[in-house]
Amino acid sequence: MHGGGGDPDGLPRQRRGTTPQMHGRYPDFDVLEQSEHWDEPTRRAVLARLDPPSLRFFDATQARTLTAFCDTVLAQDRQPRVPVLQLVDAKLHEGRLDGFQYDDMPDDRETWRLVARGLDEAAAEHDAASYGDADPESRLAICEAFAEARLSGGVWVELPVAHAFAVVMRAVLAAFYSHPWAWNEIGFGGPAHPRGYMRLGIGQKEPWEGEEAFVIDPVADVRERGLDHPTEHRG
Amino acid sequence: MKVVDNNSRFLLDVDRRGVPGRDRMRTYRDEDEVDLLIVGCGAGGSVLAQRLARHGWRIVVLEAGPFWDPDTDWVSDEEGAHPIYWNANRIVGGEDPVELGKNNCGHGVGGSMVHFAGYTPRFHPSDFETLTRDGVGADWPIAYPELKPHYERVERELPVAGQHWPWGDPHGYPHGPHPIGGAAERAWEGARACGIEMRVGPVAITNGTFGNRPHCIYRGFCLQGCKVNAKASPLVTHVPDALEHGVEIRADSMAIRIETDGMDACTGVSYVRDGHERRQRASAVVVAGYSIESPRLLLNSDLGNGADQVGRYVMVQGAPQVAGRFPETLRMYKGPPPEVSSEQFYETDQTRGFARGFSVQTVSPLPIGWAEHVLADGHWGKALREYMRDYNHWSTLGALSELLPRAENRVSLADQCDSFGMPIARFDYSQCDNDRANIAYAKATLTRILEAAGAQDVLTIDRYAHLVGGCRMSATAEQGVIDSDHRVWGMSNLFVCDGSVMPTQGSANPALTIMVLASRLAERLAAKQVEAQPSAVAL
């Protein structure tokens, strides 16, 4: 399948535990089965991500838009999905910010709210009532324009697009790749404290780590299927 | 027989990671005039306190963040490590703004070394005279030989593990080299194929018996705070001995202003604890808050800035990373990220077309760090997910490029205030042409190494690491903020002792040298080699 299609041919379905969208390269690896070997504060922190609190920072309109954005920018196109916006919402609600602010940007919390408005404005140009109401093709196109700093007008007159994308993506990536379902997908062994890692060499793995069941060089495959510029390759 | 001068490793508990002795820590009242009040309990402040307490000095250390207990406060997790970074707001600007927070700023007892990777290279002798040798940067008012005995001493205290070091002033290390992982093996093969020498280490991570400090368990979360007590930070290397010798570490105490007699002497520090402003009296004050907070405190106190030098010449190192893709699984998350490094490109080589150089080090990001890497290369959505699924096939090398000190790269006070009513810091940063040429050459070198190792593809990001400068040491009052004894020009009893004092940075990670400078200053203060009066007329 070419032209911005879905998973590469042959990517296995998850057989054990959960991954986002139930695919991954380590179909029989569930990092959560190892949680009894983790120290208590780590276990508490990681397991809490499986059941984040409901939204407190974003209102319903913003949440609808931003959930659609997070799912698009992370290609979470079906269940099960990592609850990325809920994890971001908790962080912003609790004021857990990152210790710096670009001089041409507002506070990160304000940036998130402005991005929600800006995405809805962009959706209006695609004849949709909001970003969440836009069809998948339009969502992808808006996302691509955001990533390439091509959004303009409205909110974006005041808000520098590239910095705004950097701010929201920092939180999006931290939320998604701190979730143990994502660790299953990529075969990350996880906390390993207090027992540690022993098998460090090329091609080695601990007995409890997952066997990789599928290999493809993403550089070649992403290029061939045009995944970096998905809307240009639609047809 | 060697005199034991730091018992920290024996004072730690074998069954718990937290520092013993906090319950019986000596305490002082605000109105007690202590011999020394230190602001900041990181690499500089902790070593200074530990040393001088052994000479009977009565010392209080104010630390803005918490007194950490690694067992209960830290996690083996990237996102969960958020509290160990300085997360209060700062404004970043300039043409090349520098990300702060988890990138380079610590919070709490132990400072930024709590989250540093563990690399502890020495500075080279050339770093202290780049202006004379290379016509760039600045000359320090002190030279390498003065620091050498302190390098040797601090390397024993941390302790540093690694192979014999052939670069700079060649030297060995107290602990042998750690085993390395598959990702580092691949990178090293590539370096060999290009004729580039690499060595294992140097890292401040135990590799053998060392008092009650356990051996490293290779869990790979060095940047998230070591829950094992194997990686060195002042919390385990100097704070236990400091407490044993009567130092009070007053955590959760944010210094907001240095108080003076209106002339050339300071009388104490105003700070906020539990929402109340208080003032600790002291006969001498040392500011050790690192390159953003030390200038901020001096500027907010309107001290030391007669020559308009406070906050200037703040430096970061160019820290581009290049990752290579290999057919086998390498699982770079295992083991400490710092494994092998090279200083072959450290000094100036005219044929490269720029002054000074860079070092090459393995870095090995965890999943969130790797995702930032993939995004920076332009991938999101399905492409991002596919690159991420391939995580276990990549090996990552980083460079540390020596970027030059520039007067306009400065910390200043912003218009907005923090929750204590103190103006927050603003940090402006822009590169010069030499900086850009250095980074470009370093990236090309990293790429060459990985391609020689057989990488099928490479991926590159630009970033910065570390902070130094801002209160630089200088030969005259017009050129800097402190003299060679760390005393603020024009003040009799105010000192700065942290990374901010460095006039240049080399391509070395700064933690070891910050400790070494504190060790030297402590020796001079204890021996009364530092004059009691200012060495220059007040500006």
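All values derive from a computational prediction rather than experimental measurement. (Residues numbered from 1 in each chain as written. Chains lettered and ligands numbered in written order. Predicted model: local features only at pLDDT ≥ 70, side-chain atom pairs only at ≥ 80, totals over all residues. Heavy atoms only, no water.)

Here's the deal with the interface of chain A and chain B
So, point 1. Contact with chain A, which involves 83 residues of that partner, is made by 68 residues of chain B.
So, point 2. A combined buried area of about 5900 Å² lies between chain A and chain B, and 58% of that area is made up of carbon and sulfur atoms.
So, point 3. Ranking the residues of chain A by area buried against chain B places A:Tyr177, A:Leu200 and A:Ile202 at the top, with a combined share of 13%.
So, point 4. At the junction of chain A with chain B, the criterion picks out 12 salt bridges.
So, point 5. Here B:Arg331 makes a salt bridge to A:Glu209, at a shortest N to O gap of 3.8 Å.
So, point 6. Mapped by element, the contributors of at least two residues to the side of chain A that touches chain B are α1 (40-47), α2 (60-73), β1 (101-102), α5 (136-147), α6 (161-176), α7 (180-186) and α8 (218-224) of chain A. (Contact = heavy atoms within 4.5 Å. Buried area = accessible area lost by both parts, 1.4 Å probe. Salt bridge = Lys/Arg side-chain N within 4 Å of Asp/Glu carboxyl O. Helix = DSSP H or I, 4+ residues; strand = E, 2+ residues; numbered from the N terminus.)

Some points on the side chain of B:Ser430
Residues and elements named next belong to chain B.
So, point 1. Along the chain, the position of Ser 430 falls in the loop between β16 (423-428) and α12 (433-452).
So, point 2. For Ser 430, a relative accessible area of 13% corresponds to the buried category.
So, point 3. If sequence neighbours within four positions are ignored, Ser 430 has contacts with Gly 94, Glu 95, Asp 96, Arg 406 and Asn 409. (Buried < 20%, exposed > 50% of the residue type's maximum accessible area, 1.4 Å probe, protein only.)

Topic: the environment of B:Tyr218
Residues and elements named next belong to chain B.
So, point 1. Of note, Tyr 218 is situated in the loop between β4 (199-200) and α7 (234-237).
So, point 2. Between the C-alpha atoms of Tyr 218 and Pro 179, which are 39 residues apart in sequence, the distance is 9.4 Å.
So, point 3. Polar contacts involving the side chain of Tyr 218 include one to the side chain of His 178, which spans 2.8 Å. (Polar contact = N/O pair within 3.5 Å; in protein donor to acceptor, adjacent residues only side chain to side chain.)

Looking at the packing of aromatic side chains
All names here are of chain B.
So, point 1. Here the structure, examined in full by the defined rule, presents 30 aromatic pairs over all chains.
So, point 2. Ring geometry for Trp 370 against Trp 394: centres 5.3 Å apart, planes inclined by 50 degrees, an arrangement best described as tilted. One end of the pair, Trp 370, is in helix α10 (residues 367-376); the other, Trp 394, is in strand β14 (residues 394-401), with 24 residues separating them in the sequence. Side by side, Trp 370 and Trp 394 carry an identical accessibility label, which is buried. (Phe/Tyr/Trp six-rings, centres within 6.5 Å; stacked < 30°, edge-to-face > 60°.)

Points about the confidence of the model for chain B
So, point 1. Within chain B, residue pLDDT values average 95, and 98% of them lie at 70 or more.
So, point 2. The low-confidence segment residues 533-539 of chain B, where pLDDT is below 50, has 15 contacts with residues more than four positions distant or belonging to other chains. (pLDDT = per-residue confidence, 0-100.)

Here's the deal with the sheet that holds β16(B)
So, point 1. Overall, mixed pairing links the four strands, which are arranged β1(A)-β3(B)-β16(B)-β15(B) in an open sheet. Every other strand in the sheet has two partners, leaving β1 of chain A together with β15 (410-417) of chain B as the edge strands with one partner each.
So, point 2. Bridge analysis of β15(B) against β16(B) gives five bridges, and the strand direction is antiparallel. Residue pairing in the sheet places B:Val411 in a bridge with B:Phe427 of β16(B). (Pairing = 2+ DSSP bridges.)

Points about the packing of helix α3 (residues 84-93) of chain A against α6(A)
Residues and elements named next belong to chain A.
So, point 1. Following both chains from N to C, one finds α3 and α6 inclined at 115 degrees, their axes separated by 9 Å at the closest point. The angle between α3 and α6 falls in the class roughly perpendicular. Classified by chirality, the crossing of α6 by α3 is right-handed. In this structure, α3 contributes Val 84, Leu 87 and Val 88 to the contact, and α6 contributes Ala 171, Val 172, Ala 175 and Phe 176.
So, point 2. Each residue belonging to the contact of α3 with α6 can be placed in one class, and the counts come to seven nonpolar, no polar and no charged. (Axes fitted to C-alpha atoms, helices over the stretch in contact; angles between N-to-C directions. Parallel < 35°, antiparallel > 145°, perpendicular 65-115°, else oblique. Left-handed = near helix turned anticlockwise from the far one by under 90°. Nonpolar A, V, L, I, M, F, W, Y, C, P; charged D, E, K, R; others polar.)

Here we look at the sheet that holds strand β6 (residues 254-260) of chain B
Residues and elements named next belong to chain B.
So, point 1. Strand order in this open sheet of three strands is β6-β7-β8, and the pairing throughout is antiparallel. Of all the strands in the sheet, the pair left with one neighbour each is β6 and β8 (276-281). Each adjacent strand pair in this sheet contributes to an overall mean axis angle of 25 degrees, direction not counted.
So, point 2. Relative to β8, strand β7 (residues 266-273) runs antiparallel, the two sharing six bridges. Paired with Val 269 across the bridge in β8 is Gln 280.

What to know about the pattern of salt bridges
So, point 1. Summed over the entire model, instances satisfying the criterion amount to 68 salt bridges over all chains.
So, point 2. With its nearest N and O atoms 3.0 Å apart, the salt bridge here joins B:Arg29 to B:Asp32.
So, point 3. Since its relative accessible area comes to 52%, B:Arg29 is described here as exposed.
So, point 4. A salt bridge links B:Glu197 to B:Arg199; the nearest nitrogen and oxygen atoms lie 2.8 Å apart.
So, point 5. When salt bridges that share partners are traced, they join A:Lys91, A:Asp98, A:Asp108, A:Arg170 and B:Glu79 into one network.

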